[in-house]
Each structure stands twice: as structure tokens, then as C-alpha cells.
Amino acid sequence: MAARAPLAMPRSASSASVRPAAAPMAPAPTVRCLQARRRLGDSQLPARRARLLRSAGAAGRAGAIGSAAEAAPAEGLARKLQGVEVLDLSGKAVPIVDLWKDRKAVVAFARHFGCVLCRKRADLLASKQDVMKAAGVALVLIGPGTVEQAKAFAEQTKFKGEVYADPNHSAYDALEFAYGVLSTFTPSAGLKIMQLYMEGYRQDWELSFQENTRTKGGWQQGGLLVAGPGIDNILYIHKDKEAGDDPEMEDVLRACCS
């Protein structure tokens with residue numbers, strides 16, 4: 001904040017020649033003083049700056065990593081997912097953490113089951129499935145929607161991995177994936193969709209306009225994580241910042257298969 005100019009004071013004849021004493025300057029901090037301040041840590045910093053510093057530190061530690069700058073300790077992510085269930089294609093409820101409790105898995109989260117961008121991502125992942133199988137890694141896709149929508153997606157795409165439905169968006173909410181109109185309709189997403197149509201991919205508009213997708217799922221963004229074996233062993237997470245924000249496949253394979 002800029003210093004305020006001193007208020008003008010009337011000068012009497014008797015004080016005209018008297019100059020006010022300069023305000024004493026604070027002595028420069030000594031080395032010992034600076035060291036003491038440093039030892040206080042970020043507990044004395046403003047709360048926002050402290051949070052930024054802690055986040056930066058977390059990004060450099062072992063744990064969940066991701067190209068979307070959403071690094072977080074693995075145990076924190078697993079704790080958020082405790083109690084979250086998804087449905088397999090028979091309608092059976094499965095705790096989501098069981099998908100990687102006893103194995104390593106690449107778990108992709110689709111925007112919704114009709115999404116053309118997600119169909120392309122599913123194909124990209126499926127093209128690496130031989131590498132994953134050789135490393136003992138399962139390939140899983142979860143979508144926000146019904147079991148019937150999940151079945152339609154599996155039949156249309158011939159996806160060879162496991163497919164699960166998350167009708168309540170529970171996993172998406174727990175992982176705090178992006179959501180909203182502004183993250184859905186972006187210039188880069190539009191360009192990518194045009195490119196995919198030229199490649200022969202198509203949006204399933206019937207699935208896209210079913211009520212549960214139209215009212216909520218259409219604005220949902222997805223992501224991807226690599227985890228297991230072990231509930232807390234989350235090795236990588238990518239959160240899409242916008243529709244079509246694919247993770248780097250090299251990073252995914254490094255996390256799952258190296």
C-alpha cells in the first residue's frame with residue numbers, strides 16, 4: 001500500500017525554524033532474526049500463500065501425479081473414494097476401490113456414454129491394451145449414467161476393457177472432476193470434435209439426450225487414474241480441464257507398465 005502524504009500542519013512563528021524529527025527507521029534484521037523467521041515455516045504466512053506452497057510441495061512428493069496439475073497424496077484420494085460404488089454390466093454394485101485393490105488398473109472416466117471424444121479416448125486406451133496385459137494391468141472405463149447406457153457403449157465401441165456405470169456421479173464428485181458449460185464448449189474441444197468426425201467417429205445422440213445425461217452428464221468432464229495393487233496405491237491421476245483434454249499416453253504407460 002502506498003504511504004500517505006503527511007497532513008499539512010499550520011506553522012507558528014515560534015516553530016517555523018524547527019524541523020520535525022525524522023521517524024526512526026527499523027533496524028535491518030540480523031542474520032539470526034532471519035533464520036528465526038524462516039524456522040517459523042508457513043504457519044505465519046497468509047493462508048492462501050501457505051496453501052499454494054503446500055500444493056507445490058505435494059506435487060514433488062511421491063503419490064498421485066497428473067498432467068492436469070492435480071497432484072495430491074494418494075491416501076487422500078483413496079479416502080475420498082471410500083464408500084463410492086459403481087455398477088457392473090449386470091447391475092451389481094462394486095466398491096470403486098475394489099477395482100484396484102488386488103491388481104493394478106488403468107481407470108478411465110468418460111464424460112458420458114454418448115460422448116464422441118470419450119469414444120476416441122477409449123480406442124486410444126484399447127490400442128495399448130496388449131502392453132497393459134503384458135504388465136498385468138487391467139483396463140477399466142467408468143461413465144456417468146445407467147447400466148443400460150454402459151451396455152450400449154460397450155456394444156457400440158467393442159471396448160475390450162471392463163465397463164462400469166456411475167449413475168449418481170459419486171466418483172466424479174469425490175474426485176472433483178471439472179463440471180460446467182464453460183469447460184464443455186471450448187474452441188479446442190470444437191476443433192477436436194470436427195477432426196474426429198472426419199476420422200469417422202460419431203456422437204451417439206440418443207444416449208446423449210437421455211434425461212440423466214441431458215440434465216447433468218452432458219456438462220461433466222472426466223479423467224483417468226492409474227492405481228493398485230492396494231487401495232491407497234494411486235500412482236497417477238489426470239483431471240480433464242475441458243472436454244477432450246486427453247492425458248499424455250506416455251505418462252499413462254509409464255505409470256502403469258514401467
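Looking at the overall build of the chain
Per the secondary structure count, the chain includes eleven helices and seven strands. The buried share among the 258 residues of the chain stands at 40%. Within the chain, contacts between residues at least 6 apart in sequence are counted, and of these 72% link residues at least 24 apart. When the accessible surface of the chain is totalled, it reaches about 15200 Å², and 57% of it is carbon and sulfur.

Digging into the packing of aromatic side chains
For the coordinates displayed, the defined rule picks out five aromatic pairs. Ring centres 5.6 Å apart and planes at 85° place the aromatic pair phenylalanine 109 and tyrosine 172 in the edge-to-face group. Taken together, the residues phenylalanine 109 in strand E3 (residues 104-109) and tyrosine 172 in helix H7 (residues 170-175) connect sequence positions 63 residues apart. According to the relative accessible area criterion, phenylalanine 109 is buried, its value standing at 2%. Judged by centre distance (5.7 Å) and plane angle (65°), the rings of tyrosine 172 and phenylalanine 177 are edge-to-face. For phenylalanine 177, a relative accessible area of 7% puts it in the buried group. Here the aromatic cluster, defined as three or more aromatic residues joined through ring pairs, consists of Phe109, Tyr172 and Phe177.

Quick look at the nonpolar core
Ranked by size, the top nonpolar core spans 35 residues in total, and within it Val106, Phe113, Leu125, Leu141, Val163, Leu224 and Val226 carry the most contacts. Where this core is concerned, the elements lending two or more residues are E3, helix H4 (116-126), strand E4 (137-143), helix H6 (147-157), strand E5 (162-165), helix H8 (187-199), strand E6 (223-227) and helix H11 (249-257). Those residues within four positions of leucine 141 in sequence are excluded, and the remaining contacts are Ala108, Ala110, Phe113, Ala122, Phe153, Phe159, Glu162, Val163 and Tyr164. Residues Leu77, Val107, Ala174 and Ile237 belong to the second largest nonpolar core, which totals 26 residues.

Structural notes on H8
Here H8 is 13 residues long and its end C-alpha atoms lie 19 Å apart, about the 18 Å a rise of 1.5 Å per residue gives. Among the residues trailing H8, glycine 200 stands out with phi positive, at a value near 105°.

So, how was this worked out
Residues numbered from 1 in each chain as written. Predicted model: local features only at pLDDT ≥ 70, side-chain atom pairs only at ≥ 80, totals over all residues. Heavy atoms only, no water. Helix = DSSP H or I, 4+ residues; strand = E, 2+ residues; numbered from the N terminus. Buried < 20%, exposed > 50% of the residue type's maximum accessible area, 1.4 Å probe, protein only. Contact = heavy atoms within 4.5 Å. Areas by Shrake-Rupley, 256 points an atom, 1.4 Å probe, with all protein chains shown as cover. Phe/Tyr/Trp six-rings, centres within 6.5 Å; stacked < 30°, edge-to-face > 60°. Core = buried A, V, L, I, M, F, W, Y, C linked by side-chain atoms within 4.5 Å. Expected span 1.5 Å × (residues − 1).

By themselves, these figures tell us nothing about what the structure is for.
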